[in-house]
Structures are given as structure tokens and as C-alpha cells.
Amino acid sequence: EPEVTQTPSHQVTQMGQEVILRCVPISNHLYFYWYRQILGQKVEFLVSFYNNEISEKSEIFDDQFSVERPDGSNFTLKIRSTKLEDSAMYFCASRRGGFNTGELFFGEGSRLTVL
Amino acid sequence: AQSVTQPDIHITVSEGASLELRCNYSYGATPYLFWYVQSPGQGLQLLLKYFSGDTLVQGIKGLEAEFKRSQSSFNLRKPSVHWSDAAEYFCAVGGGSQGNLIFGKGTKLSVKP
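Residues numbered from 1 in each chain as written. Chains lettered and ligands numbered in written order. Predicted model: local features only at pLDDT ≥ 70, side-chain atom pairs only at ≥ 80, totals over all residues. Heavy atoms only, no water.

**A few points about the overall build of chain B**
Scanning chain B from terminus to terminus reveals zero helices and 12 strands. Computed over C-alpha atoms, the radius of gyration of chain B comes to 13 Å, within 12% of the 13 Å expected from 2.2 N^0.38 for 113 residues, which places it in the range of a compact globule. Expressed as lengths along the three principal axes of its C-alpha atoms, the size of chain B is roughly 45 × 30 × 20 Å. A burial count over chain B gives 48% of its 113 residues as buried. For chain B, long-range pairs separated by at least 24 residues make up 53% of all intrachain contacts whose partners lie at least 6 apart in sequence. Accessible surface for chain B amounts to roughly 5,300 Å². Of this, 49% is attributable to carbon and sulfur atoms. Distance between charge centres in chain B, computed from 10 positive and 8 negative side chains, equals 4 Å. (Helix = DSSP H or I, 4+ residues; strand = E, 2+ residues; numbered from the N terminus. Rg over C-alpha atoms; globule rule 2.2 N^0.38 Å. Buried < 20%, exposed > 50% of the residue type's maximum accessible area, 1.4 Å probe, protein only. Contact = heavy atoms within 4.5 Å. Areas by Shrake-Rupley, 256 points an atom, 1.4 Å probe, with all protein chains shown as cover. Lys, Arg positive; Asp, Glu negative; His and termini not counted. Charge placed at Lys NZ, Arg CZ, Asp CG, Glu CD.)

The structure is reproduced here in C-alpha cells:
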């Protein structure tokens with residue numbers, strides 16, 4: 001069964017460092033998302049991406065965040081200068097078509113720890 | 001503003017007992033509603049969804065949820081819980097063309113023998 005894969009599963013970094021989280025969405029999916037979950041809190045929407053551009057972003061997704069689809073398979077989230085409060089589980093998700101056409105498939109997450 | 005409330009942070013039920021996890025939402029239009037489950041170290045798995053039509057929705061693993069517009073609720077139910085059901089359950093509401101989901105804080109389910 002096709003799945004969304006994320007790497008790394010866990011990354012530890014120093015405050016102020018750049019981090020790139022990688023995702024490989026399901027191959028025939030067109031809509032891509034990043035969500036995050038701070039420990040003990042709810043899953044929060046960060047950004048959606050369609051047709052090679054950001055289609056919507058939340059207020060969390062400020063200038064230190066960026067997303068990219070550098071090739072036909074990868075979808076990356078970059079945090080330019082990490083802060084302690086960026087420590088969270090980051091989930092990538094993808095969907096094949098428009099909103100009511102199918103399920104949003106989530107990856108297993110990348111845990112980011114900022115020291 | 002759109003929001004989802006899951007009033008119960010942690011629930012413990014006995015194996016074989018029935019289960020109901022509560023979810024209330026706030027949404028301006030007809031909502032799209034979802035239940036996801038997350039096992040430790042795993043991603044989010046969709047259990048069921050409501051878009052329109054029959055307000056009682058069947059999902060995987062013997063789960064069902066009922067959409068009650070008058071109560072702004074979408075509670076998840078299972079008649080008999082198994083130890084493997086222990087996990088964290090998230091209710092979510094979505095809408096708009098981009099399909100962004102707003103999640104509740106989750107309810108952790110523990111199952112005792």
C-alpha cells in the first residue's frame with residue numbers, strides 16, 4: 001500500500017541552526033501539507049502546497065519557514081533558524097485530488113528537538 | 001473561528017466495554033468531519049469521515065460516529081473495545097478548497113484488562 005514517508009524520524013539540533021525535513025508523498029497525489037504537533041498539544045496546520053506553490057498557510061508559518069518541491073518526488077520543509085519552540089513532531093500529508101475526493105494520508109512524522 | 005473541542009484528555013475503559021469519545025466543533029458552514037487515530041510512534045490514520053448524507057458514519061475497526069448538527073457534535077463510538085484500540089484519537093474539521101484540517105487536542109484511550 002502506498003504511503004507517505006518522512007525523514008529523518010528524529011533530529012536534534014542547536015538553536016539557530018537550519019533544519020530541513022523531507023517528505024516523499026504518495027506518487028500520484030497533487031496536494032501536499034505540513035502539520036506540526038508540539039508535545040501534549042493538538043496537531044496544527046502549517047501550510048498547503050499545490051501546483052508548485054503555497055496555496056494556504058497558517059500564522060505559524062512565518063518567514064523562518066519555507067517549503068519546496070525540488071523534484072518530482074520530494075516535498076521539504078525548511079526551518080531557517082530554529083528556536084526552542086520549534087521543537088515538535090512535524091507531519092507531512094498528501095491528498096490525491098480536491099478536498100472532498102479522498103483521504104488525507106499522513107506520514108509517521110519527524111520529531112524535531114531544538115536544544 | 002473554526003475550532004474543535006475534545007473535552008476528555010484521557011479515558012480508561014475495560015476491555016469489552018463500550019466507548020464513546022466526544023467531539024464538538026465550531027464551523028460556519030456545513031463541516032467536513034474526521035476522526036484519526038495515532039498509535040505511539042505512528043502517523044495519523046483516518047478512521048472515518050463525514051461529508052454529507054447519512055449522519056451515522058461507519059469506519060474501520062468497528063467504529064462509528066454520528067453527526068448531530070443541533071449539538072455541533074461528532075462523537076466516536078465502539079460497542080466493544082479491544083486492548084489494541086489503546087491509542088490517541090483526534091477529531092478534526094475541514095473545509096475550503098485546500099482541505100486544511102483543524103484538529104482537536106486529542107483523547108488518549110487506555111484499555112484495562
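**Examining the interface of chain B and chain A**
Taken together, the contact between chain B and chain A spans 22 residues of the former and 20 residues of the latter. Note on chain B versus chain A: buried area summed over both sides is about 1,900 Å², and carbon and sulfur give 58% of it. On inspection of chain B and its partner chain A, the count reaches zero salt bridges. Counting across the interface, chain B meets chain A through two residue pairs in polar contact (both at pLDDT 80 or more). Going through the elements one at a time, β5 (32-38), β6 (44-50), β10 (87-95) and β11 (100-103) of chain B are the ones with two or more residues in the side of chain B that touches chain A. Among the elements that take part in the side of chain B that touches chain A, β5 of chain B stands out by supplying four residues, more than any other. Considering only residue class, the side of chain B that touches chain A consists of nine nonpolar, 12 polar and one charged. (Buried area = accessible area lost by both parts, 1.4 Å probe. Salt bridge = Lys/Arg side-chain N within 4 Å of Asp/Glu carboxyl O. Polar contact = N/O pair within 3.5 Å; in protein donor to acceptor, adjacent residues only side chain to side chain. Nonpolar A, V, L, I, M, F, W, Y, C, P; charged D, E, K, R; others polar.)

**Some points on the sheet that holds strand β7 (residues 65-68) of chain A**
Residues and elements named next belong to chain A. What the four strands build is an open sheet, ordered β1-β3-β8-β7; its pairing is antiparallel. The two strands at the open ends of the sheet, each matched to only one other strand, are β1 (5-7) and β7. Averaged over neighbouring strand pairs, the angle between their axes works out to 20° when direction is ignored. With three bridges connecting them, β1 and strand β3 (residues 19-24) associate as antiparallel partners. Looking at β3, one finds that Thr7 is bridged to Arg22. (Pairing = 2+ DSSP bridges. Axes fitted to C-alpha atoms, helices over the stretch in contact; angles between N-to-C directions.)

**Quick notes on unusual backbone geometry**
With an omega of -10°, the peptide bond running from Thr7 of chain A to Pro8 of chain A counts as cis. For Pro8 of chain A, the location among the structural elements is in the loop between β1 and β2 (10-13). Of note in the backbone geometry, Lys61 of chain B takes a positive phi value of approximately 60° without being a glycine. Relative to the helices and strands, Lys61 of chain B is located in the loop between β7 (56-58) and β8 (64-68). Lys61 of chain B sits in the partly exposed class, given a relative accessible area of 45%. Residues other than glycine seldom take positive phi values, yet Ser72 of chain B does so here, at roughly 50°. Summarising the element assignment, Ser72 of chain B is placed in the loop between β8 and β9 (73-78).

**So, the layout of surface pockets**
Of the volumes computed, that of the largest pocket is approximately 520 Å³. In terms of lining, the largest pocket is formed by 20 residues, of which the most central are Gln37, Leu39 and Gly40 of chain A together with Gln38 and Glu88 of chain B. The residue inventory of the lining of the largest pocket, partitioned by class, reads seven nonpolar, nine polar and four charged. (1 Å grid on protein atoms, 1.4 Å probe; cavity = no way out; pocket = protein on both sides within 12 Å on 5 of 7 lines; lining within 4 Å. Points joined across faces, edges and corners; volume = space filled by probe spheres on them.)

**What about the state of the cysteines?**
A covalent bond bridging the sulfur atoms of two cysteines is what the word disulfide describes. Applying the stated rule across the entire model yields two disulfides over all chains. One disulfide in the model links Cys23 of chain A with Cys92 of chain A; its S-S distance is 1.9 Å. With the S-S dihedral at roughly -65°, the linkage between Cys23 of chain A and Cys92 of chain A falls on the left-handed side. Placement of the pair is Cys23 of chain A in strand β3 and Cys92 of chain A in strand β9 (residues 88-95), with a sequence separation of 69 residues. Across this residue pair, the class does not change: Cys23 of chain A and Cys92 of chain A are buried. Between Cys23 of chain B and Cys91 of chain B runs a disulfide, and the two sulfur atoms are separated by 1.9 Å. (Disulfide = S-S within 2.5 Å.)

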